[in-house]
Amino acid sequence: LIMYQIKTNNNFFFRHIADLLHQRNFPFIRKQDLNHYGIIEFDVNKNNICIKFDNLNINIKKPFDLNTLWNNLDSLLSNHHIPFGCLIYYPMKEYFKFQNDYLKLTHTHNLIIQEILQNRDFKISKNDIYKKIWPNDVNIQINKLDTHLTNLKNTLYNNFSYELKFSSTGGVINFLID
């Protein structure tokens, strides 16, 4: 799934923050070769941690608790948005905006949107998408994915008259985003 790239000047801090972010289901990667929403930098100093994202900075004095870190990170990212055709997608809030209208996505639809953004330039196997969205399912049921894709397509059209375009052939899907 598409994520935020995490950079830090302290590997010890990264190992611990990675565990904490994973517990909160925060979408992050450390690799530079994948599509990502943006880069979050943690500059760890003696007395504080500076979190940087999109020319915004937040300083947190040490020591701090996890809620302080999480609230500051959420504050920093809450208005981050990504163009999605004529729509605006807010990944952390899991909603779309078009002009003055908003649509809150289901969690599953949000995961599908993340996959669409991650693979907008590539074809991807439906099985691979399925495994990323429902990793605990023992049996893969592609009709479940197809149903959610259709529901998402209809939801976007009914709310914004936005046509989510994709083609599927032989179990491989290609998303066509403007």
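Our structure is the block above this text.
Residues numbered from 1 in each chain as written. Predicted model: local features only at pLDDT ≥ 70, side-chain atom pairs only at ≥ 80, totals over all residues. Heavy atoms only, no water.

**Q** Hey, could you run me through the packing of aromatic side chains in this one?
**A** The geometry of an aromatic ring pair is captured by the separation of the ring centres together with the interplanar angle, meaning the angle of the planes. One pass over the structure, following the stated rule, counts ten aromatic pairs. Here the aromatic rings of Y90 and Y95 are separated by 4.7 Å at their centres, their planes lie at 25°, and the arrangement is stacked. Side by side, Y90 and Y95 carry an identical accessibility label, which is buried. Ring pairing ties together the aromatic residues F84, Y89, F96 and Y162, which thus form one cluster. Taking NZ or CZ as reference, K153 lies 5.4 Å from the ring centre of F166, over its face. (Phe/Tyr/Trp six-rings, centres within 6.5 Å; stacked < 30°, edge-to-face > 60°. Buried < 20%, exposed > 50% of the residue type's maximum accessible area, 1.4 Å probe, protein only. Lys NZ or Arg CZ within 6 Å of the ring centre and 35° of its normal.)

**Q** Help me understand the sheet that holds strand β6 (residues 82–84), please; the structure alone is not making it clear to me.
**A** Sheet strands pair via backbone hydrogen bonds, and the direction of the pair is either parallel or antiparallel. Strand order in the open sheet made by the four strands is β6-β7-β8-β9, with antiparallel pairing throughout. At either margin of the open sheet sits one strand with a lone partner, and together these are β6 and β9 (101–104). Sheet twist, expressed as the mean angle between neighbouring strand axes with direction ignored, is 30°. Sheet strands in contact with helix α5 (residues 142–160) are β7 (87–90), β8 (95–98) and β9, and its direction is about 160° off that of β9. (Pairing = 2+ DSSP bridges. Helix = DSSP H or I, 4+ residues; strand = E, 2+ residues; numbered from the N terminus. Axes fitted to C-alpha atoms, helices over the stretch in contact; angles between N-to-C directions. Contact = heavy atoms within 4.5 Å.)

**Q** Where do I start with unusual backbone geometry in this structure?
**A** Residues K62 and P63 are joined by a peptide bond in cis, for which omega reads -10°. Its location among the elements puts P63 in the loop between β5 (56–61) and α2 (66–77). For N55, which is not glycine, the phi torsion reads 65° and is therefore positive. Tracing the backbone shows N55 in the loop between β4 (48–53) and β5. According to the relative accessible area criterion, N55 is exposed, its value standing at 83%. Even without being a glycine, S161 presents a positive backbone phi close to 55°. Checked against the element boundaries, S161 lands in the loop between α5 and β11 (165–169).

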